[in-house]
Amino acid sequence: MAGRNGKKSFYDEAMETFDRAAELIQLNPRVRMELEEPDFEHIFYVTTELRDRLVPLAPEESQKFKDLQPSDMKAADALEPLANGNFILHRRALLRSDINLRQGVINIPKMGLFRIEKGGPRKFKAYRIQHNQVRGPYKGGMRYHKDVSLDLFKTLAADMTWKTAIAEVPFGGAKGGIKIDPFNYSREEIEHITLRYVYKFKNFMGPFLDIPAPDVGTNGEIMAYMMRQFTDGEREHHKLRGVVTGKDTRIGGSEGRIRATGQGVVYCIEEWARDRGFDLKGARVIVQGFGNVGSSAAEILAAAGAKIVAVNDVNGTIHSDGGIDVMALVKHVHGNKENLRRTVAGFPGAKAISKDDFWAVDADICIPAALGEEITGDVAERLKVKLVAEGANGPTTRDGDRVMMARKIDIIPDIICNAGGVTVSYYEWLQNQRLEHWTEGDVNRRLEQAIKKNYAIIRDIARNRPQRTPHYDSRPYAVGQECDVRTAAMVLALKRIEAHYLLEGFSQ
Ligand code: NAD
């Protein structure tokens, strides 16, 4: 279908699979129209007060200050390091200290010369796109990243509508976040920005309205800030814990939620391997992104006997033909306070390679678990794997898809592959409603069943093999012809969503 506004946008391109599946099942035209654009596009601004910073002096400027007396700071923890080399200057740095300043420059022993940059108010662009709620409250992640846009959030919000339908959880789709590089702000500043976001958006969220969760650049800590800001001072505020998911288990989070997306990726890979008669023991795996999703998937696969042979992230790439020690890598990335960008770069147990070489590493499985549009046509030409399991949202471009299809590389599409996160988010929400706490065993048993069942239905749709088994029934979804697996996943989503509109009808 041609672009909706004449010119093709990123969103329009992403909707090509939707268009294909809609044609294939002859989706009701009014339902199609309802789903083509989001219900609501919220764009707003949040302001906050930034702290003063120490900014390293450029080498040419340093000459002028090389005779500056050093300052003796007693409270060493009063300087908070940021990933861009700056430091937050907390006021307690001045207590009991001997400070020498010249033209706003300070000389700190063993650290160097810095200019003190004044903090002050700062404005950030914020988004929340609520795509569809016919199946339940809006649900989707919060992304804090410097490269976000309306188009991106529209695409990711629509993806959530498809994903919640595929995972069979009673939610709709949403996505949002803030245009910010969180690594360049202090924890306190991130907390304040988050509180302000909720302060402004409060009327549009709630356990039965819109339920955020962690995504790129956010985590359980940020979910806790959101929950506090939303529930504080409310009557019966304990009933409102389900306003966000992905919380710490000690404050209403679910066991297994942190690893759920990676765990879901692995359940999909297990089901693919079972179907293919492929042994995952000794399988060679390359992983892009070593954040929440990539590191969990790598840990679980390594524990099952697979070898993680290469990992790429935004700051570096590492390779070890004999397999990387994943536990040690997790410690290097997530357990090391000095690793401010939480990167795999500098890991001593593997050698550094280029990102270009990463894609061509000889392996069986590739797990993209970073950002979108990484597997382009060129990258797909170079891949030496049998399977791409999409941990990330939208990691493959249309060209990438075409090349992989021609090269017979299997794909597990994102909307089923990374649906483990939202599935366990639903379990978390349910536990919050019932004031219950389930074991990790309970959570994973349910998750495994849900993911493997829905993945099997998608495979049946793709192969046009409708059947009823003791675990599932794919007969209502098959379309009478074979199709690619990405379209098949969308068929499953659209048929489940369409049923709501057709059975409930439209309010006027
Ligand atoms: P995260 O912030 O924890 O980690 C992101 C990782 O990607 C980091 O290792 C980062 O270095 C890497 N990265 C960023 N830009 C990159 C680039 N240009 N090249 C290579 N690596 C790059 O994020 P996350 O929560 O693990 O999410 C990763 C992906 O999974 C995203 O696409 C997200 O939408 C998707 N996802 C996450 C969840 C969840 O529960 N967290 C659920 C479903 C889907």
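Nothing here was measured: the structure is a model prediction, and the numbers come from that model.

Moving on: the sheet that holds strand β11 (residues 210-214). Read across the open sheet, the five strands follow the order β1-β8-β10-β9-β11; overall the sheet is mixed. Unpaired on one side and paired on the other, β1 (40-50) and β11 mark the two borders of the sheet. The average undirected angle you get between the axes of adjacent strands in this sheet is 25 degrees.

This next bit is on the environment of Pro121. Note on placement: Pro121 falls in strand β8 (residues 120-132). Along the sequence, Pro121 and Thr47 sit 74 residues apart, while their C-alpha atoms lie 6.6 Å from each other. Apart from residues no more than four positions distant in its own chain, Pro121 is found in contact with Thr48 and Glu49.

As a further point, take unusual backbone geometry. Working note: non-glycine residues mostly have negative phi, and peptide bonds are mostly trans. In the Ramachandran plot, Lys110 falls in the positive-phi region, its phi being about 70 degrees despite a non-glycine side chain. Tracing the backbone shows Lys110 in the loop between β6 (105-108) and β7 (112-117).

This part takes up the layout of surface pockets. Of the voids in this model, the second largest pocket is the one considered here, and its volume is about 610 Å³. Together, 23 residues line the second largest pocket, and Ile409, Asp410, Ile411, Asp484 and Val485 are the ones closest to its centre. Elements that contribute at least two residues to the lining of the second largest pocket include exactly α2 (16-25), α8 (260-276), α13 (398-406), β18 (410-412), α16 (440-463) and α17 (485-504). Looking at which element gives the most residues to the lining of the second largest pocket, the answer is α13, with five residues. In terms of residue class, the lining of the second largest pocket is made up of nine nonpolar, no polar and 14 charged.

With respect to the secondary-structure elements, Lys175 resides in strand β10 (residues 173-179). Excluding residues that lie within four positions of it along the chain, Lys175 makes contacts with Arg128, Ile129, Gly141, Phe153, Leu156, Ala157, Met160, Asp215 and Asn393.

This part takes up helix α5 (residues 150-166). When the terminal C-alpha atoms of α5 are compared, their 24 Å separation across 17 residues agrees well with the 24 Å that a helix rising 1.5 Å per residue should span. The element α5 is largely enclosed, with a buried count of 15 among its 17 residues. Two residues or fewer past α5, Glu168 is found with a positive phi of approximately 60 degrees.

Moving on to the site of the ligand. Neighbouring the ligand are 25 residues, the closest being Asp215, Thr261, Phe290, Ala370 and Asn393. Gly217 is positioned such that a nitrogen or oxygen atom in its backbone is 3.1 Å from an oxygen atom of the ligand. Within the backbone of Gly291, an N or O atom sits 3.3 Å from an oxygen atom of the ligand. Calculation on the ligand without its partners gives an accessible area of 830 Å², and the protein chains cover 87% of this total. Of all the secondary structure elements, the ones that give two or more residues to the shell around the ligand are α9 (292-303) and β13 (307-313). Along the lines of polarity and charge, the residues of the shell around the ligand split into nine nonpolar, 10 polar and six charged.

If you look at the biggest cluster of nonpolar residues, it comprises 89 residues, and the most contacted ones within it are Trp162, Ile269, Phe290, Leu329, Ile367, Ile412 and Leu494. At 10 residues, the largest contribution of residues to this core is made by α16. When sequence neighbours within four positions are dropped, the list of residues in contact with Ile269 reads Leu280, Leu301, Ile365, Ile367, Leu387, Ala389 and Ile412. With 26 residues, the next largest nonpolar core counts Phe44, Ile180, Ile190 and Val244 among its residues.

β10 sits mainly inside the fold: six of its seven residues count as buried. The sheet contact formed by β8 and β10 spans six bridges and is antiparallel. The partner of Ala126 across the bridge, within β10, is Ile178. When strand β9 (residues 138-145) meets β10, the two strands line up parallel, connected through four bridges. Pairing of Tyr144 across the sheet is with Ile178, part of β10.

All right, on to the sheet that holds strand β4 (residues 87-89) then. With respect to topology, six strands assemble into an open sheet ordered β3-β4-β2-β7-β6-β5, the strand pairing being antiparallel. With partners counted over all chains shown, the strands left at the sheet margins are β3 (79-81) and β5 (101-102), one partner each. Pairing geometry for β3 and β4, over three bridges, is antiparallel. Across the sheet, Glu80 pairs through a bridge with Ile88, a residue of β4.

Conventions we followed
Residues numbered from 1 in each chain as written. Predicted model: local features only at pLDDT ≥ 70, side-chain atom pairs only at ≥ 80, totals over all residues. Heavy atoms only, no water. Pairing = 2+ DSSP bridges. Helix = DSSP H or I, 4+ residues; strand = E, 2+ residues; numbered from the N terminus. Axes fitted to C-alpha atoms, helices over the stretch in contact; angles between N-to-C directions. Contact = heavy atoms within 4.5 Å. 1 Å grid on protein atoms, 1.4 Å probe; cavity = no way out; pocket = protein on both sides within 12 Å on 5 of 7 lines; lining within 4 Å. Points joined across faces, edges and corners; volume = space filled by probe spheres on them. Nonpolar A, V, L, I, M, F, W, Y, C, P; charged D, E, K, R; others polar. Expected span 1.5 Å × (residues − 1). Buried < 20%, exposed > 50% of the residue type's maximum accessible area, 1.4 Å probe, protein only. Near = heavy atom within 4 Å. Polar contact = N/O pair within 3.5 Å; in protein donor to acceptor, adjacent residues only side chain to side chain. Areas by Shrake-Rupley, 256 points an atom, 1.4 Å probe, with all protein chains shown as cover. Core = buried A, V, L, I, M, F, W, Y, C linked by side-chain atoms within 4.5 Å.

Taken by themselves, the reported measurements are silent on function.
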